[in-house]
Amino acid sequence: MIRSTARKRLLTAAALVTGVSLLAGACTGGGDGEGEGNGGEARVLNVWAGTQTPMVANFNPYAPNPLHVTNGGIYEPLFFYNRAEAGDPTPRLGESYEWSEDGTELTVKIREGVKWSDGEDFTVEDVIFSYTNDAAKRDYLNTIEKVDESTVKFTFNGAQFTSAVQILGTTLMVPEHLFKEVSDLITFTNDEPVGTGPFTLDTITNATYTVVPNEDYWGGEPSLGKVRFLALDKNQSAQDLLATGKIDWTTMFIADPEAVTGGGQVSLLNTPQDPTTIMSCSNAALGCAGPQTDLAVRQAVNLLVDRGEINEKAFSGHAAVASPSLALVGRDDRWISSEIEKESPQESDPAEAAKVLEAAGYTKGADGIFEKDGQKLSVDLISVDGWSDHNAAGDLIAQQALEAGVQINHVKITQQEMSDARTSGNYQMMISGITGTSLDDPFAIYRQWLTTEYTTPVGETIEAGRFNFPRYSNPLVDEAVATAAGTNDEDTKKAAYAAVQKEIARDLPYIALVVNPTMSFVNTKDYTGWPSEDDMYAFPPSWATISNGVILSQLKPAS
């Protein structure tokens, strides 16, 4: 149920017919008159933020896979870090912050006069709860205490300069008066969300959900009348609706962008930042099972894939070259160690892959497939059905592997199944992206995607905000990341990053393939205020956490 207010109502699933036909009928083009707010002049803005079908009313920021508007549109952090451009963070629910000289204390002043969408005041007690509850607290945080009615002070168990983005920019504020009553903050669906963000929940069915402006938003009521998020399970369905003016904002791979931008209504923003990888559940000690737990198998796969062919055929040549360091080539060059290859190999080397496997005791069987101890080398590789670029890449990888004597079974599953597999560890290999960093510094990847603190044994769900899905655990990496976290000295950080890169370039819990083109399509005919090449004030993907709320709060219907 949705809280009963004049502006919120719940439509039951029975009231609507699901499917693309419904969406095509409901998502009328510009000037359809279906406006709420702004004198009835603003129509509904339609968003496809990725496959989440059917829609399930989960607006819990601690859940592994909440609906997209949750993190940014409804719940906010203290500060906004714009990963699209370098620069200082922008105040949100926080106004200012100051580090102690040794980096073990952080004092933050919060914004006064903010209210939760149920009318309650946003307070320092909410801030303290948001950092100390069981789902949010991190091991490096010793205490957070109230200094006065608008100030809190964090105390850490060591210097945490490099953790500023995570501490200030990714931890979302939640209402203590509601969340303190929840017994399990991970499984809680929070279907009546109360946030401080620019939007509040309006309706939800299994096909769509809508949000409307928060009239009491501290930044001023947004100009949009209503925003509708659509449930579609395939990229092609979204592309068809985009091309006919029935989607206003989406981020997806389209091999020929001119097919949707040629009419002049839709514009393309291309911001490649996120590595696309083959992610492996690699740690047998934490419960991973399958041939991919053998280092030699991961090293062989790294050598046998032809990234040039994958880029050309799966990404139509739009992808950028990836690095085994997982840092962004070009932007992050100063952090990439000279002791490893700066770029992942672009061509397949089946002969070298065979040498690696043979040294590990594998021999080719009569069918040309490597085997060991009577077991054929056969690995399952999953991707999200309908993600055309990932699906094409998976098919190519399976073909390339077979030619090199390795059987890779490419299986397409739903996004929810993918999310469940990642968080539980019940998979072998998957094609999956890594979220790039908010700064020109790979620290966040190294900490959140690679350290032991950010993983769990297979079968235990990895909490929101922790991304070590391969269950990778390496004490040398843990130590180097801790060193980097405790310094502002660039040379010390470079040495620490070199140690991390040496380990992961060998161990390959993530086999870097390409840097995803990240193509966002926006309706610049009917709406103004989008990020642009001249003013990239926020990372523009429709699925991007935090920035989605920032962008929606800035959009205005065109005159």
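Going by the structure above, here's the rest.
Since we're looking at a predicted model, the values are computed, not measured.

What counts, and at which threshold
Residues numbered from 1 in each chain as written. Predicted model: local features only at pLDDT ≥ 70, side-chain atom pairs only at ≥ 80, totals over all residues. Heavy atoms only, no water. 1 Å grid on protein atoms, 1.4 Å probe; cavity = no way out; pocket = protein on both sides within 12 Å on 5 of 7 lines; lining within 4 Å. Points joined across faces, edges and corners; volume = space filled by probe spheres on them. Nonpolar A, V, L, I, M, F, W, Y, C, P; charged D, E, K, R; others polar. Axes fitted to C-alpha atoms, helices over the stretch in contact; angles between N-to-C directions. Helix = DSSP H or I, 4+ residues; strand = E, 2+ residues; numbered from the N terminus. Parallel < 35°, antiparallel > 145°, perpendicular 65-115°, else oblique. Left-handed = near helix turned anticlockwise from the far one by under 90°. Contact = heavy atoms within 4.5 Å. Buried < 20%, exposed > 50% of the residue type's maximum accessible area, 1.4 Å probe, protein only. Pairing = 2+ DSSP bridges.

> Where do I start with empty space enclosed by the protein in this structure?
Where empty space is left becomes clear once a probe the size of a water molecule has been rolled over the atoms. All chains considered together, the criterion is met by 3 cavities of 30 Å³ or more. Here the largest cavity defines a volume of roughly 60 Å³. For the lining of the largest cavity, the residue count by class is 6 nonpolar, 3 polar and 2 charged. Roughly 40 Å³ of internal volume is contained in the second largest cavity. Residue lining of the second largest cavity: Val47, Trp48, Ala49, Gly50, Gln52, Met55, His68, Phe229 and Leu230, and that is the complete set.

> Honestly, the packing of helix 14 (residues 475-485) against helix 15 (residues 490-507) in this entry has me stumped. Any pointers?
For any two helices packed against each other, one specifies the crossing angle of their axes together with the interaxial distance. Look at helix 14 against helix 15: their axes get within 9 Å of each other, and the N-to-C directions meet at 160°. When the axes of helix 14 and helix 15 are compared, the pair comes out roughly antiparallel. You can see that helix 14 and helix 15 cross each other, and the crossing is left-handed. Mapping the contact onto sequence places Leu476, Val477, Ala480, Val481, Thr483 and Ala484 in helix 14 and Thr492, Lys493, Ala496, Tyr497, Ala499, Val500 and Glu503 in helix 15. Taken together, the residues of the contact of helix 14 with helix 15 break down into 9 nonpolar, 2 polar and 2 charged.

> Got a minute to help me understand the pairing of strand 1 (residues 44-48) in this structure?
Looking along a regular strand, one sees side chains alternate from face to face of the sheet. Counting buried positions along strand 1 yields 5 of 5 residues, so the element is predominantly enclosed. What you see with strand 1 is no split at all: Val44, Asn46 and Trp48 on one side and Leu45 and Val47 on the other are buried throughout. With 4 bridges joining them, strand 1 and strand 10 (residues 226-230) adopt parallel strand pairing. Its bridge partner being in strand 10, Asn46 is matched across the sheet by Arg228. The pairing of strand 1 with strand 11 (residues 249-251) spans 2 bridges and is classified as parallel. When the sheet's bridge partners are listed, Val47 is paired in strand 11 with Trp249.

Shape descriptors only; they carry no functional weight alone.
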